[in-house]
Amino acid sequence: MTYVAGSPEDFLAVRHLTLRGSQAEIGHALGAEVKARSDWSPSPLDPAVAKARRTWFARNWPQYAARTAGFAEAHGFPADAAVSFDDASALPAGSGCSALWTGSELGRNYDFFTMSWTQLGAVLAGEEPVDDGTVPMASRPYVLTTIPDDGIASTSLTMSTMDGGTEGVNEAGLVVSLLMAEVETAMPLDHGPQAGLSVLQVCRYLLDTCETVDEAKEAMMLAKQYAHGAPCHYIVADASGRGFVYERGAHDVEYFVEVADGPLCVTNHLLHRHPDLDALPEDTPETMRTYERLRTITKEADAGPRDALDAVSFAVEPGAPWRTLWRSVLDPAARTLSTRFYLGDGENGTTRHTPELTFGVSR
């Protein structure tokens with residue numbers, strides 16, 4: 001484990017963790033990392049839910065089932081304990097992201113709150129947030145490179161949880177990223193983990209189990225999923241140049257949005273409901289400029305993902321508790337994840353960033 005960007009004195013302190021071995025050994029190492037650096041503890045579950053989760057993972061995502069057994073051992077629990085070892089917490093209302101697939105690179109901005117969980121809770125309750133000394137929610141991300149003896153190697157970026165990810169690339173050249181799908185209606189719910197995949201686990205699930213977009217499509221259709229009040233959609237592509245956006249609509253109907261030519265762009269509204277770029281609704285204070293951002297990155301896509309994403313990066317606004325925390329470009333041909341991280345605000349409305357850092361997936 002190494003610090004690769006920022007420090008505890010900056011807004012972001014990014015760690016890079018590279019793990020090799022069996023899936024269980026990798027899970028044990030992840031569990032040990034959590035145990036050494038936080039006071040997190042697993043949440044109790046209804047035994048029936050816990051059993052259903054173990055069964056689903058064993059059947060559909062055996063790599064995760066093996067890692068969970070190692071994680072449990074690191075925390076002194078048996079593998080069949082009626083507890084949850086994942087932090088599948090809600091993506092709070094108000095986060096926004098932008099992404100595009102150019103046919104050769106997948107780029108994304110990760111836009112999120114700069115507050116702690118307790119400060120966000122105060123805001124959602126209509127109260128004035130106060131500094132309670134805890135770090136902001138997304139200020140300690142990890143880049144996780146896992147190279148298992150018995151599976152597909154990958155590099156992913158995660159906001160906070162060790163079992164999930166916001167984007168990533170695997171050794172076969174599959175790239176994937178999540179974005180909030182309905183920013184206007186997203187509200188955190190208080191139910192716990194269910195059997196199946198949380199929104200944050202989907203990226204890791206695809207990276208662990210799929211090598212092509214066709215395999216990813218089938219995997220998404222076979223997966224049982226649940227959202228903590230913040231439904232997401234996913235942009236997926238591979239080294240062949242093909243890509244799609246996966247969405248779930250009303251009555252859990254599944255959609256795969258693709259384009260015959262040109263860029264595939266996505267922000268924070270459901271594409272299948274608004275297929276005509278020229279007929280997008282007007283933004284409101286609740287939409288986080290999702291329609292404007294989609295029009296802009298589509299227009300700027302020919303300049304490349306970096307310039308297109310910079311054109312929709314969140315500017316410093318007085319009192320606005322969110323920033324573009326990182327900008328990633330995933331290259332399926334090179335099997336790399338290249339990210340520029342936000343370190344804090346500068347002078348005269350500017351922001352400070354790291355240089356772009358590149359992480360590979362080489363064995």
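Going by what an unreviewed UniProt entry lists, the protein chain is known as C45 family peptidase and is assigned to Amycolatopsis coloradensis.

A. A look at the environment of Gly 243. By the secondary structure assignment, Gly 243 is in strand β12 (residues 243-248). A relative accessible area of 13% means that Gly 243 is categorised as buried. Sequence separation between Gly 243 and Val 83 is 160 residues, and the spatial gap between their C-alpha atoms is 36 Å. If sequence neighbours within four positions are ignored, Gly 243 has contacts with Trp 101, Val 213, Val 236, Ala 237, Glu 258 and Leu 264.

B. Just the sheet that holds strand β10 (residues 175-180), in detail. An order of β1-β2-β7-β8-β9-β10-β11-β12-β13 is seen for the nine strands of this open sheet, with the pairing classed as mixed. Every interior strand has two partners, whereas the edge strands, β1 (2-6) and β13 (254-257), have only one. With direction set aside, neighbouring strand axes in the sheet form an average angle of 20°. Here β12 pairs with β13 via four bridges, running antiparallel. Residue Tyr 246 lies in a different strand from β13, and its bridge partner there is Phe 256. Seen against the sheet, helix α6 (residues 213-222) touches β11 (232-237), β12 and β13 and runs at an angle of roughly 5° to β12.

C. Structural detail: the state of the cysteines. Per the stated rule, a full pass over the model turns up zero disulfides. Of all cysteine sulfurs, the one in Cys 232 lies closest to Cys 203, which takes part in no disulfide; the gap is 8.5 Å.

D. View of helix α7 (residues 290-300). Of the residues making up α7, those classed as buried are Thr 290, Tyr 291, Arg 293, Leu 294 and Ile 297. In a view along the axis of α7, the buried residues occupy a sector of 160°, so they form one face of it.

Reading the values: rules and limits
Residues numbered from 1 in each chain as written. Predicted model: local features only at pLDDT ≥ 70, side-chain atom pairs only at ≥ 80, totals over all residues. Heavy atoms only, no water. Helix = DSSP H or I, 4+ residues; strand = E, 2+ residues; numbered from the N terminus. Buried < 20%, exposed > 50% of the residue type's maximum accessible area, 1.4 Å probe, protein only. Contact = heavy atoms within 4.5 Å. Pairing = 2+ DSSP bridges. Axes fitted to C-alpha atoms, helices over the stretch in contact; angles between N-to-C directions. Disulfide = S-S within 2.5 Å. Arc of directions from axis to C-beta.

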